[in-house]
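Listed here are the chains, written in short residue letters.
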Amino acid sequence: MKNDNSEKLTSTFEFDKNLFSSKAIKRAIYDLSYEAGFDLQFTTEGKIQVTINKKTSTLAGTAVQNFERLVLYHQVRLEVEEDYRVIRQIIVAQAFAPCENLQSIVGTLKQNDKTI
Amino acid sequence: MTKPYRFLPFRFERKDNKVLLVNDVGDYCFLDKDQFHKFIKMDEEFVRQSEDFINLQSKFMLSSDCLSQTLDLLSTRYRTKKQFLYDFTSLHMFVVTQRCNLKCAYCHASSVDEACGKDYDMSVHTAHKCVNLALSSPSKHIKIEFQGGEPLLNFDTVKEIVEYAKEANKIRNKHLEFVICTNLTIIDEHQIDYLKQNNICVSTSLDGPLDIHDKCRRTRVGSGTYSTIKEKLSCVMEIMGHDKVSSLVTVTSFSVDRLREVVDEYIQLGLSSIFLRAINPYGRASKYWKNLGYTIEEFVVNYKLVLDYIIHLNLSGIYFTEEFATLLLTRILTPFPTGFVDLQSPTGAGIGGVIYETNGDVYIADEARMLSKMNGNKIFCLGNVHSHSWEAIFCCDKLKGIIEESCIEATPGCAWCVYQTYCGSDPVRNYIQFGNISGHGMRSDFCRKHRSIFNILFGYLQQNNDNIEDVFWSWISSRRLSEISI
Amino acid sequence: MRSFKVSTNINHANIFKIASCCVDTYEEGENFLSQDYNHSSCSSLMFLGSKEVIPEDKKSLFLKLDDPDVALKVGDIILIEPTGLATLLYEVNSFSNAVFLTERCNCKCLMCPQVPKNSDSDDYLDLSLKTIALLDSRTEMLGITGGEPTLVWNDLIDVLKACRENIPKASIQLLTNARILKDIERVRELVSADNNNLVVCIPLYADVSSIHDEIVGIKGAFWETIEGIYNLERFGVPVEIRTVITKLNYKRLPLWSEFVYRSFPFTSHIALMGMEPLGLALKNLNQVWIDPLDYIPLLKNAVKILNRRNMNLSIYNHQLCTLPQSLWKFAKKSISEWKNVFFTECAYCVVRLNCGGFFQSSEYVKSRGIKRIVQVNKET
């Protein structure tokens, strides 16, 4: 990440697309959308640039402070969610049994994730 | 390389130097920030030496063996948490009349003057149809709640509904419960007797001591109602018993920073519980919002202060509960579901409870009915008891659509919120404020209010204070502190 | 089970029930049993008092109790063998009567007070059925124990059916690790054989599989037991969960309590038990023994957690002097009367009558905190 958040009216952050998915960045923006205005761009060098407009609210300052960490945590969330995605589907499917095709639903899910 | 363990579904959030984790079935734990990072990275040393590794297993945040059996157990617990879905519609609210003798400043029931004619009352014919519809619900427990306007103004229909429901229930054999939501100002002894004979609980509104209560809850000519209510309340509690009467507070700008006084008032009147309801920007309240309203932040700060006070009261021997906190704590600390229709995922509107307008229109929630009264928008009307069958009303595509869109597990913001397992949605409110059912997550007052209250409750829980835990459990299990503390 | 000696001239082993008593009070000294001609069944015996009651020339018709400490009551059931060994199979005044189905077990708990055998000949069915046949039809409680009773499945079913037949009102407490009950069809069979009075008591020693499996010596036992518990709940069979507190699992007590509450909130009773230093437990003493004084704060915490959640709970096998007074109301007298003893430290203890005492085997090891209590603090 590269960032530049000095005394200017906007703050800019840059994220390496190989380390941070745009999904994580968008989620962080969503979380802070009450507190500040955001602009997201994809640069030519393959980076994701986010500009935070500090003028929009009194809370924008904290938004800037927290933004990077929030992106990091969202990246972690996405990776963890990917790991348990199938497990979660099995839990919900089994919870509402009996239902049509339960065995085949659970069977397919387990097949996709052979460690279960 | 095989991983040393698998993550089980959980959400997390950083809280100072700790991380709070909550899983899909409501178990939670706090981890040190460093330990959390090792947990995420599946650090070998973490697995070998750490007590946290074992604790996370115990709390179903990770599984290191027998994953299939673990999922069986979690499915059972998940099903238990969502049990309200199996019960389906158990709360049936009857607007027996739109007439009301009061004109409260924040009313969103769109009431009309009591002198208005019978057009504003629910007819016996409509009432019968509504009861039939209510008893057709698959739920074994049916709660019929009389609302209005002021239901006492059409007491004959109230009685008719009670008799008819009991008769019709003889073949259905459901467990019937009755509640009347009344301002109590015009209740007489004959009515109190009837309520007592038929085990009808009373739910009323008392906003606080005289100068707070009379600011908003006035008659149509503008006089206060505090003294009348105080007298009637005392009478009702004596005849019916304290456990049959409950009261709620609509917190306005006049009371938001005086909540302790409101609690003191309740205790003085012999009430042992309070429901602190934040004012909603609907109906008349939205018109007078500048005078009545306050920010969510203001509400939350004062809510914390009054909770501190109520806990302190409990520890000094007075049993007194705050109902909303108790509900949320039940969700956090027990494996059981709770039947609060206003905060469920998927929404309780429609599938947990419905409201029948005087003319037989069926709405998914009180606010939906108010929306229709405000601007004729019947988007949340499921049908009418005179022209639609049970299937047409409860199995319609409209309701299914609302339910689908109200699952917070799939709503942006809620999908990754650490409090998801304990929270829910209000599709009607979202529609009113944002024009769509799923709402705008973190931006909404609704979300910020609930997140803040969860923050407060977890702030208490994080302290691991024996006294506070004892008080919380005395609320959850409705037992006195002396029975709980050791 | 309690055994004692009699002088007898019977030719083969037989089970007898004490049908009547000739004396109101028990006297130490020589006591006699005789055939009770007032009852038609030849398995009925009469308990007589001391020799003064019996004419000298009639003494050969009687069985003499060689053990002066034995007091028998109407309703007690004993097995007498030609060797003179008498075993008390059922004691009317005891709260821990049980029929014993097998010495075999499918676990190897490190603190097991028995030494499980792998013998193939489990000949306990006959004894159990005969005992049940002799019980009064108003009997209120009977346990089924072993080893692991579910290992002799057909015997277990027969015993349940016999209980349903002869003691229909009795609460039947089956003590099992429930591993075999992970197969739901087994539970279905169990429920069909019983009279709706079955309570299943299941030990779960930790809140995680690694520690529980280490204690019972079988990998996978934890999850099999949990499946068994859930299957029983599916059939509405009341389940009691127990743990034995040892050096290997004492640290888990508070989280174990939360785990049991959250996973099995339907549990009808939870028992927190002290260890009996006998059998395998004695052999593994260094591995398993921990002085209760060293885990009292954790035990207190566990009790607080369960009590808050309104769970029905008991503390077994802990002496009152080792427990803080606030926990006394949970401590039950759990050691069978014939098994329990007191030591010299207990002389003049003011709460002795309420205390469950010790196992006889506690002479091998007991808490350093054992001492008589001279004053009880008033309840605040």
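Definitions and limits used
- Residues numbered from 1 in each chain as written.
- Chains lettered and ligands numbered in written order.
- Predicted model: local features only at pLDDT ≥ 70, side-chain atom pairs only at ≥ 80, totals over all residues.
- Heavy atoms only, no water.
- Helix = DSSP H or I, 4+ residues; strand = E, 2+ residues; numbered from the N terminus.
- Buried < 20%, exposed > 50% of the residue type's maximum accessible area, 1.4 Å probe, protein only.
- Contact = heavy atoms within 4.5 Å.
- Areas by Shrake-Rupley, 256 points an atom, 1.4 Å probe, with all protein chains shown as cover.
- Axes fitted to C-alpha atoms, helices over the stretch in contact; angles between N-to-C directions.
- Left-handed = near helix turned anticlockwise from the far one by under 90°.
- Nonpolar A, V, L, I, M, F, W, Y, C, P; charged D, E, K, R; others polar.
- Buried area = accessible area lost by both parts, 1.4 Å probe.
- Salt bridge = Lys/Arg side-chain N within 4 Å of Asp/Glu carboxyl O.
- Polar contact = N/O pair within 3.5 Å; in protein donor to acceptor, adjacent residues only side chain to side chain.
- Pairing = 2+ DSSP bridges.
- Right-handed = clockwise from strand over helix to strand, strands pointing away.
- Domains from an automatic or database assignment.

## Let's talk about the overall build of chain C
Along chain C, the regular secondary structure elements total nine helices and 16 strands. Counting across all 380 residues of chain C, residues that qualify as buried make up 55%. If you take every contact in chain C between residues at least 6 apart in sequence, the share linking residues at least 24 apart comes to 73%. On chain C, roughly 17300 Å² of surface is accessible, and the fraction owed to carbon and sulfur atoms is 49%.

## Comments concerning the packing of helix 4 (residues 67–81) of chain B against helix 5 (residues 221–234) of chain C
The geometry of helix 4 of chain B relative to helix 5 of chain C is characterised by a closest axis approach of 10 Å and an angle of 35° between their N-to-C directions. Regarding helix 4 of chain B and helix 5 of chain C, the two cross each other, and that crossing is left-handed. Contact residues: helix 4 of chain B offers B:Gln69, B:Thr70, B:Leu73, B:Thr76 and B:Arg77, while helix 5 of chain C offers C:Trp223, C:Ile226, C:Glu227, C:Tyr230 and C:Arg234. Considered class by class, the residues forming the contact of helix 4 of chain B with helix 5 of chain C number four nonpolar, three polar and three charged.

## Side note on the interface of chain B and chain C
Listed as interface residues are 28 residues of chain B and, on the opposing side, 27 residues of chain C. Overall, the association of chain B and chain C removes approximately 2600 Å² of surface from exposure, summing both partners, and the carbon and sulfur fraction of that is 53%. Three residues stand out in chain B for area buried against chain C, namely B:Ser58, B:Trp473 and B:Ile486, and they jointly supply 26% of the buried area on that side. Among the salt bridges present, the one from C:Lys304 reaches B:Asp466, with a minimum N-O distance of 2.6 Å. At the boundary of chain B and chain C, one finds 13 residue pairs in polar contact (both at pLDDT 80 or more). Elements represented by at least two residues in the side of chain B that touches chain C include exactly helix 3 (51–58), helix 4, helix 21 (466–476) and helix 22 (481–484) of chain B.

## Digging into the pairing of strand 10 (residues 175–181) of chain B
Residue and element names in this part refer to chain B. Two elements, strand 9 (residues 141–147) and strand 10, share six bridges in a ladder whose sense is parallel. Within strand 10, the residue paired with His 141 across the bridge is His 175. What joins strand 9 to strand 10 is helix 7 (residues 155–172), and the crossover it makes is right-handed. Pairing between strand 10 and strand 11 (residues 200–205): four bridges, direction parallel. Each residue of the ladder has a partner; that of Phe 178, found in strand 11, is Ile 200.

## Here's the deal with the sheet that holds strand 4 (residues 28–32) of chain B
Spatially, the three strands line up as an open sheet ordered 2-3-4 (chain B), and their pairing is antiparallel. The sheet terminates laterally at strand 2 (10–15) and strand 4 of chain B, the two strands that pair on one side only. Neighbouring strand axes in the sheet, compared pairwise and without regard to direction, differ in orientation by 25° on average. Strand contacts of helix 2 (residues 60–95) of chain A: strand 2 and strand 3 (18–23) of chain B, with the helix running at about 160° to strand 2 of chain B, the strand carrying the most contacts.

## Considering helix 4 (residues 209–216) of chain C
Counting buried residues along helix 4 of chain C, six of its eight residues qualify, which places the element largely inside the surrounding structure. Among all positions in helix 4 of chain C, only C:Ser209, C:Ile211, C:His212, C:Asp213, C:Ile215 and C:Val216 are buried. In this structure, the buried side of helix 4 of chain C is in contact with helix 3 of chain B together with strand 11 (198–203) and helix 5 of chain C. Immediately beyond the C-terminal end of helix 4 of chain C, within one or two residues, lies C:Gly217, with a positive phi of roughly 80°.

## Remarks on the domain arrangement of chain C
All names here are of chain C. The domain architecture assigned to chain C consists of domain 1 (2–90) and domain 2 (98–332). Listed per partner, the contact involves eight residues of domain 1 and 10 residues of domain 2. Note on domain 1 versus domain 2: buried area summed over both sides is about 750 Å², and carbon and sulfur give 73% of it. For the interface between domain 1 and domain 2, the tally reads zero salt bridges. Remark: the boundary between domain 1 and domain 2 carries one residue pair in polar contact (both at pLDDT 80 or more). Sorting the residues of the side of domain 1 that touches domain 2 by element identifies strand 2 (14–21), strand 6 (77–80) and strand 7 (85–90) as the ones contributing at least two each. Considering every element that reaches the side of domain 1 that touches domain 2, the biggest residue donor is strand 2, with three residues.

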